[in-house]
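Take a look at the letters that make up each chain.
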Amino acid sequence: MTSAAPSSFDRSLLLLVPATLFMVVLFVYPFLYGLQLSFRPMEGNWLANYTQFFTTDNLRDTVWTTLKLAIPATVINVGVALPIAYQMRRSSRFQKSITTLLVIPLTLGTVLIAEGMLGYFGPKGWLSQSLQWLHIYEGPIRLTHNYWGVLISLVISGFPFAFLLTLSYITGIDPNLPRAASTLGASPWNQFRHIYLPLLVPGLAMAFALSFVQAFSVFPSAVLLGSPAGATRVISIAAYEAAFERYDYSMASAVAMLMGVVQLFVVAAVLGARGMFYRGPVSGGKG
(Lines give C-alpha, C1' and ligand atoms only; values in the text may rest on other atoms or scores of the structure.)
Protein backbone atom coordinates (compact mmCIF):
# COMPACT_ATOMS: atom_id res chain seq x y z
CA MET A 1 0.00 0.00 0.00
CA THR A 2 1.54 3.29 -1.11
CA SER A 3 1.30 6.44 1.04
CA ALA A 4 -0.21 9.61 -0.38
CA ALA A 5 2.20 12.18 -1.71
CA PRO A 6 2.70 15.10 0.72
CA SER A 7 0.81 18.23 -0.22
CA SER A 8 2.92 21.06 -1.58
CA PHE A 9 0.54 23.68 -0.12
CA ASP A 10 1.63 25.21 3.15
CA ARG A 11 -1.50 25.60 5.25
CA SER A 12 0.22 28.17 7.46
CA LEU A 13 -0.19 30.61 4.56
CA LEU A 14 -3.91 30.67 5.39
CA LEU A 15 -2.98 32.80 8.39
CA LEU A 16 -2.20 35.61 5.93
CA VAL A 17 -5.78 35.70 4.63
CA PRO A 18 -7.27 37.95 7.38
CA ALA A 19 -4.38 40.44 7.10
CA THR A 20 -4.61 40.43 3.31
CA LEU A 21 -8.35 41.07 3.37
CA PHE A 22 -7.79 43.87 5.88
CA MET A 23 -5.22 45.52 3.60
CA VAL A 24 -7.42 45.14 0.51
CA VAL A 25 -10.57 46.53 2.15
CA LEU A 26 -8.99 49.46 4.02
CA PHE A 27 -6.05 50.40 1.80
CA VAL A 28 -5.87 48.82 -1.65
CA TYR A 29 -9.51 49.31 -2.66
CA PRO A 30 -9.77 52.94 -1.44
CA PHE A 31 -6.53 53.78 -3.24
CA LEU A 32 -7.62 52.21 -6.53
CA TYR A 33 -11.07 53.81 -6.25
CA GLY A 34 -9.55 57.23 -5.58
CA LEU A 35 -7.08 56.81 -8.43
CA GLN A 36 -9.75 56.06 -11.03
CA LEU A 37 -12.01 58.76 -9.60
CA SER A 38 -9.26 61.34 -10.08
CA PHE A 39 -9.41 60.68 -13.85
CA ARG A 40 -13.17 61.35 -13.98
CA PRO A 41 -13.38 65.16 -13.63
CA MET A 42 -16.64 67.04 -13.48
CA GLU A 43 -15.60 68.95 -16.61
CA GLY A 44 -13.00 68.44 -19.32
CA ASN A 45 -10.94 65.44 -20.40
CA TRP A 46 -9.54 62.72 -18.17
CA LEU A 47 -6.47 64.81 -17.22
CA ALA A 48 -8.46 67.97 -16.44
CA ASN A 49 -8.00 67.71 -12.66
CA TYR A 50 -4.23 67.37 -12.88
CA THR A 51 -3.99 70.11 -15.50
CA GLN A 52 -6.01 72.43 -13.29
CA PHE A 53 -3.83 71.67 -10.28
CA PHE A 54 -0.54 72.48 -12.01
CA THR A 55 -1.88 75.56 -13.80
CA THR A 56 -3.54 77.14 -10.77
CA ASP A 57 -1.21 79.02 -8.44
CA ASN A 58 -3.50 78.57 -5.46
CA LEU A 59 -3.26 74.78 -5.87
CA ARG A 60 0.25 74.24 -7.25
CA ASP A 61 1.88 76.32 -4.50
CA THR A 62 0.40 74.10 -1.79
CA VAL A 63 3.04 71.45 -2.58
CA TRP A 64 5.90 73.86 -1.88
CA THR A 65 4.13 75.25 1.21
CA THR A 66 3.74 71.75 2.66
CA LEU A 67 7.36 70.86 1.92
CA LYS A 68 8.53 74.06 3.61
CA LEU A 69 6.81 72.87 6.76
CA ALA A 70 7.38 69.11 6.62
CA ILE A 71 11.08 69.02 5.75
CA PRO A 72 12.34 71.52 8.40
CA ALA A 73 10.12 69.89 11.05
CA THR A 74 11.49 66.46 10.17
CA VAL A 75 15.10 67.66 10.18
CA ILE A 76 14.62 69.29 13.58
CA ASN A 77 12.88 66.26 15.08
CA VAL A 78 15.45 63.72 13.90
CA GLY A 79 18.37 66.06 14.58
CA VAL A 80 17.29 66.71 18.18
CA ALA A 81 16.25 63.10 18.79
CA LEU A 82 19.68 61.74 17.83
CA PRO A 83 21.83 63.29 20.62
CA ILE A 84 19.14 62.71 23.25
CA ALA A 85 18.69 59.06 22.26
CA TYR A 86 22.47 58.64 22.17
CA GLN A 87 22.78 59.89 25.75
CA MET A 88 19.93 57.60 26.86
CA ARG A 89 21.25 54.45 25.20
CA ARG A 90 22.48 53.13 28.56
CA SER A 91 20.04 51.99 31.22
CA SER A 92 19.74 54.25 34.24
CA ARG A 93 17.25 54.90 37.01
CA PHE A 94 16.09 58.06 35.24
CA GLN A 95 15.74 56.56 31.75
CA LYS A 96 12.09 55.51 32.04
CA SER A 97 11.04 58.78 33.66
CA ILE A 98 12.77 60.92 31.04
CA THR A 99 11.42 58.79 28.20
CA THR A 100 7.89 59.11 29.58
CA LEU A 101 8.17 62.90 29.74
CA LEU A 102 9.51 63.10 26.18
CA VAL A 103 6.73 60.99 24.66
CA ILE A 104 3.80 62.66 26.47
CA PRO A 105 3.00 64.89 23.44
CA LEU A 106 2.42 61.72 21.43
CA THR A 107 -0.61 60.97 23.62
CA LEU A 108 -2.15 64.45 23.41
CA GLY A 109 -2.98 64.71 19.72
CA THR A 110 -2.54 67.65 17.38
CA VAL A 111 -5.78 69.41 18.35
CA LEU A 112 -5.00 69.47 22.07
CA ILE A 113 -1.44 70.62 21.34
CA ALA A 114 -2.81 73.40 19.15
CA GLU A 115 -5.20 74.54 21.89
CA GLY A 116 -2.36 74.62 24.39
CA MET A 117 -0.14 76.58 22.04
CA LEU A 118 -2.87 79.16 21.46
CA GLY A 119 -2.95 79.79 25.21
CA TYR A 120 0.81 79.81 25.65
CA PHE A 121 2.28 81.24 22.44
CA GLY A 122 -0.61 83.52 21.47
CA PRO A 123 -0.27 87.34 21.42
CA LYS A 124 -1.80 87.45 24.92
CA GLY A 125 -0.46 84.10 26.05
CA TRP A 126 1.71 83.25 29.01
CA LEU A 127 4.98 83.53 27.10
CA SER A 128 4.24 87.01 25.73
CA GLN A 129 2.97 88.31 29.05
CA SER A 130 5.91 86.84 30.97
CA LEU A 131 8.48 88.41 28.66
CA GLN A 132 6.71 91.76 28.85
CA TRP A 133 6.49 91.56 32.65
CA LEU A 134 10.21 90.82 32.84
CA HIS A 135 10.87 93.69 30.38
CA ILE A 136 12.72 91.28 28.09
CA TYR A 137 10.57 91.95 25.06
CA GLU A 138 8.08 94.69 24.34
CA GLY A 139 5.01 94.01 22.25
CA PRO A 140 3.17 90.76 21.46
CA ILE A 141 5.08 87.75 20.15
CA ARG A 142 3.61 86.36 16.94
CA LEU A 143 4.03 82.60 17.20
CA THR A 144 0.50 81.58 16.22
CA HIS A 145 -1.65 81.99 13.12
CA ASN A 146 1.48 81.98 10.97
CA TYR A 147 4.20 79.68 9.64
CA TRP A 148 6.07 79.45 12.95
CA GLY A 149 3.05 78.29 14.90
CA VAL A 150 2.51 75.33 12.57
CA LEU A 151 6.21 74.46 12.53
CA ILE A 152 6.42 74.47 16.34
CA SER A 153 3.32 72.29 16.51
CA LEU A 154 4.84 69.78 14.08
CA VAL A 155 8.02 69.66 16.16
CA ILE A 156 6.13 69.13 19.41
CA SER A 157 3.85 66.42 18.02
CA GLY A 158 6.48 64.72 15.84
CA PHE A 159 9.50 64.66 18.16
CA PRO A 160 8.31 61.76 20.39
CA PHE A 161 7.81 59.59 17.31
CA ALA A 162 11.28 60.38 15.94
CA PHE A 163 12.83 59.94 19.39
CA LEU A 164 11.35 56.49 19.98
CA LEU A 165 12.43 55.31 16.53
CA THR A 166 15.97 56.62 16.99
CA LEU A 167 16.22 55.17 20.49
CA SER A 168 15.15 51.74 19.24
CA TYR A 169 17.84 51.81 16.55
CA ILE A 170 20.63 53.06 18.79
CA THR A 171 19.94 50.58 21.58
CA GLY A 172 20.01 47.78 19.00
CA ILE A 173 23.67 48.39 18.13
CA ASP A 174 25.97 45.75 19.56
CA PRO A 175 27.49 47.35 22.71
CA ASN A 176 30.64 45.26 22.24
CA LEU A 177 31.62 47.40 19.24
CA PRO A 178 32.19 50.66 21.16
CA ARG A 179 33.75 48.71 24.04
CA ALA A 180 36.30 47.20 21.67
CA ALA A 181 37.00 50.64 20.23
CA SER A 182 37.44 52.02 23.74
CA THR A 183 40.07 49.42 24.58
CA LEU A 184 41.97 50.58 21.50
CA GLY A 185 41.97 54.17 22.74
CA ALA A 186 39.02 55.61 20.86
CA SER A 187 37.48 58.63 22.55
CA PRO A 188 33.67 58.87 23.03
CA TRP A 189 33.49 61.28 20.08
CA ASN A 190 35.42 58.90 17.82
CA GLN A 191 33.25 56.01 18.96
CA PHE A 192 30.15 57.97 17.93
CA ARG A 193 31.65 59.21 14.65
CA HIS A 194 33.19 55.93 13.46
CA ILE A 195 30.87 53.31 14.99
CA TYR A 196 27.47 54.62 16.03
CA LEU A 197 26.84 57.15 13.28
CA PRO A 198 27.66 54.88 10.26
CA LEU A 199 25.52 52.11 11.74
CA LEU A 200 22.73 54.53 12.60
CA VAL A 201 22.43 56.22 9.20
CA PRO A 202 20.15 53.53 7.68
CA GLY A 203 17.90 53.68 10.76
CA LEU A 204 17.94 57.47 10.76
CA ALA A 205 16.88 57.42 7.11
CA MET A 206 13.89 55.26 8.01
CA ALA A 207 13.05 57.53 10.96
CA PHE A 208 13.33 60.56 8.66
CA ALA A 209 11.04 58.98 6.06
CA LEU A 210 8.34 58.02 8.57
CA SER A 211 8.54 61.37 10.36
CA PHE A 212 8.30 63.19 7.04
CA VAL A 213 5.15 61.29 6.04
CA GLN A 214 3.62 62.18 9.40
CA ALA A 215 4.51 65.88 9.04
CA PHE A 216 3.49 66.12 5.37
CA SER A 217 -0.09 65.18 6.20
CA VAL A 218 -0.46 68.24 8.45
CA PHE A 219 -4.02 69.55 8.61
CA PRO A 220 -5.36 70.49 12.08
CA SER A 221 -2.24 72.49 12.97
CA ALA A 222 -2.32 74.37 9.68
CA VAL A 223 -5.93 75.38 10.34
CA LEU A 224 -5.80 76.12 14.08
CA LEU A 225 -2.29 77.58 14.37
CA GLY A 226 -1.59 78.82 10.87
CA SER A 227 -3.14 80.90 8.14
CA PRO A 228 -5.11 78.37 6.07
CA ALA A 229 -5.92 80.94 3.41
CA GLY A 230 -2.36 82.24 3.19
CA ALA A 231 1.06 81.19 4.42
CA THR A 232 0.04 77.74 5.66
CA ARG A 233 -2.39 76.65 2.96
CA VAL A 234 -1.03 73.13 2.71
CA ILE A 235 -2.03 70.51 0.19
CA SER A 236 -4.35 68.70 2.61
CA ILE A 237 -6.40 71.90 2.93
CA ALA A 238 -6.72 72.04 -0.86
CA ALA A 239 -8.07 68.47 -0.85
CA TYR A 240 -10.49 69.28 1.96
CA GLU A 241 -11.81 72.37 0.17
CA ALA A 242 -12.36 70.43 -3.04
CA ALA A 243 -14.21 67.62 -1.28
CA PHE A 244 -16.29 69.38 1.36
CA GLU A 245 -16.69 72.95 0.10
CA ARG A 246 -17.05 72.44 -3.65
CA TYR A 247 -18.13 68.79 -3.41
CA ASP A 248 -15.75 67.96 -6.24
CA TYR A 249 -14.65 64.52 -5.09
CA SER A 250 -12.84 63.87 -8.35
CA MET A 251 -10.58 66.89 -7.83
CA ALA A 252 -10.10 65.99 -4.17
CA SER A 253 -8.97 62.52 -5.23
CA ALA A 254 -6.51 64.02 -7.70
CA VAL A 255 -5.03 66.24 -4.99
CA ALA A 256 -4.76 63.22 -2.68
CA MET A 257 -3.01 61.22 -5.40
CA LEU A 258 -0.50 64.04 -5.95
CA MET A 259 0.02 64.26 -2.22
CA GLY A 260 0.92 60.58 -2.18
CA VAL A 261 3.27 60.96 -5.18
CA VAL A 262 5.22 63.77 -3.50
CA GLN A 263 5.56 61.76 -0.29
CA LEU A 264 6.62 58.68 -2.23
CA PHE A 265 9.23 60.68 -4.15
CA VAL A 266 10.83 62.08 -0.97
CA VAL A 267 10.72 58.74 0.85
CA ALA A 268 12.22 56.92 -2.15
CA ALA A 269 15.03 59.50 -2.34
CA VAL A 270 15.83 59.15 1.37
CA LEU A 271 15.71 55.35 1.35
CA GLY A 272 17.73 55.28 -1.88
CA ALA A 273 20.46 57.36 -0.24
CA ARG A 274 20.40 54.92 2.67
CA GLY A 275 21.80 52.21 0.40
CA MET A 276 25.10 54.08 0.17
CA PHE A 277 25.84 53.29 3.81
CA TYR A 278 26.54 50.09 5.74
CA ARG A 279 23.58 47.71 5.87
CA GLY A 280 25.03 44.71 7.67
CA PRO A 281 24.09 43.30 11.10
CA VAL A 282 24.50 45.79 13.93
CA SER A 283 22.66 44.21 16.84
CA GLY A 284 24.05 41.92 19.46
CA GLY A 285 22.56 40.00 22.30
CA LYS A 286 20.51 42.98 23.42
CA GLY A 287 18.45 42.94 20.19
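These lines cover the structure that appears in this document, whether it is placed above or below. A quick note: this is a predicted structure, and the numbers were derived from the prediction, not measured.

1. Things to note about the nonpolar core
If you look at the biggest cluster of nonpolar residues, it comprises 46 residues, and the most contacted ones within it are Phe 53, Phe 163 and Phe 216. Put simply, the parts of the chain that give this core at least two residues each are helix H2 (48–55), helix H3 (57–87), helix H7 (147–171), helix H9 (188–216), helix H11 (235–244) and helix H12 (249–274). By residue number, the principal contributor to this core is H9, which donates 11 residues. Once you skip the residues sitting within four places of it in the chain, Phe 53 turns out to touch Leu 59, Arg 60, Thr 62, Val 63, Ile 235, Met 251, Val 255 and Leu 258. Grouped together as the second largest cluster of nonpolar side chains are 16 residues, Ala 73, Leu 143, Val 150 and Val 234 included.

2. Examining the side chain of Ser 236
Residue position: Ser 236 is located in helix H11. Residues within four places of Ser 236 in sequence aside, it is in contact with Val 218, Phe 219 and Met 259.

3. Considerations on the packing of aromatic side chains
In this structure the tally under the stated criterion is 15 aromatic pairs. With a centroid separation of 5.2 Å and an interplanar angle of 85 degrees, the aromatic rings of Tyr 86 and Tyr 196 are classed as edge-to-face. Remark: Tyr 196 occurs in helix H9 and Tyr 86 occurs in helix H3; sequence separation between them is 110 residues. The exposure class of Tyr 86 is buried, given its relative accessible area of 11%. With centroids separated by 4.9 Å and ring planes inclined at 90 degrees, the aromatic side chains of Tyr 120 and Phe 121 adopt a geometry described as edge-to-face. Given a relative accessible area of 17%, Phe 121 falls into the buried group. Put simply, the rings of Tyr 86, Trp 189, Phe 192 and Tyr 196 pair up and form one aromatic cluster. Seen from the ring of Tyr 86, Arg 89 lies directly overhead, with NZ or CZ sitting 4.0 Å from the centre.

4. A few points about the pattern of salt bridges
Within the structure shown, the criterion is met by 2 salt bridges. We note a salt bridge from Glu 241 to Arg 233, for which the minimum N-O separation is 2.4 Å. Exposure remark for Glu 241: the relative accessible area of 16% places this residue in the buried category.

5. Topic: the environment of Thr 183
Mapped onto the elements, Thr 183 comes out in helix H8 (residues 176–183). Accessibility expressed as a relative area gives 66% for Thr 183, which makes it exposed. Here the side chain of Thr 183 touches Ala 180 through a polar contact of 2.6 Å, landing on its backbone oxygen.

6. Concerning the packing of helix H1 (residues 16–38) against H12
At a minimum axis distance of 8 Å, the contact between H1 and H12 shows a crossing angle of 115 degrees. Between H1 and H12 the crossing geometry is left-handed. On the side of H1, the interface is formed by Phe 31, Gly 34, Leu 35, Leu 37 and Ser 38, while H12 contributes Tyr 249, Ser 250, Ser 253, Ala 254 and Met 257. Residues that form the contact of H1 with H12 fall into these classes: 6 nonpolar, 4 polar and no charged.

7. What to know about a nonpolar patch on the surface
On the surface, Phe 22, Met 23, Val 24, Val 25, Leu 26, Phe 27, Val 28, Tyr 29, Phe 31, Leu 32 and Tyr 33 cluster together to form a nonpolar patch covering roughly 1,100 Å² of accessible area. Looking at the secondary structure, you find Phe 22 in helix H1. Owing to a relative accessible area of 46%, Phe 22 belongs among the partly exposed residues under this scheme.

8. Here we look at unusual backbone geometry
With a phi close to 60 degrees, His 145 is a non-glycine residue in the positive phi region. Mapped onto the secondary structure, His 145 falls in the loop between helix H6 (126–133) and H7. The backbone of Tyr 247 sits at a positive phi, close to 55 degrees, despite the residue not being glycine.

Analysis parameters
- Residues numbered from 1 in each chain as written.
- Predicted model: local features only at pLDDT ≥ 70, side-chain atom pairs only at ≥ 80, totals over all residues.
- Heavy atoms only, no water.
- Core = buried A, V, L, I, M, F, W, Y, C linked by side-chain atoms within 4.5 Å.
- Buried < 20%, exposed > 50% of the residue type's maximum accessible area, 1.4 Å probe, protein only.
- Helix = DSSP H or I, 4+ residues; strand = E, 2+ residues; numbered from the N terminus.
- Contact = heavy atoms within 4.5 Å.
- Phe/Tyr/Trp six-rings, centres within 6.5 Å; stacked < 30°, edge-to-face > 60°.
- Lys NZ or Arg CZ within 6 Å of the ring centre and 35° of its normal.
- Salt bridge = Lys/Arg side-chain N within 4 Å of Asp/Glu carboxyl O.
- Polar contact = N/O pair within 3.5 Å; in protein donor to acceptor, adjacent residues only side chain to side chain.
- Axes fitted to C-alpha atoms, helices over the stretch in contact; angles between N-to-C directions.
- Left-handed = near helix turned anticlockwise from the far one by under 90°.
- Nonpolar A, V, L, I, M, F, W, Y, C, P; charged D, E, K, R; others polar.
- Patch = residues over 30% accessible without salt bridge, like charges linked within 9 Å, V, L, I, M, F, W, Y side chains within 5 Å.
- Areas by Shrake-Rupley, 256 points an atom, 1.4 Å probe, with all protein chains shown as cover.

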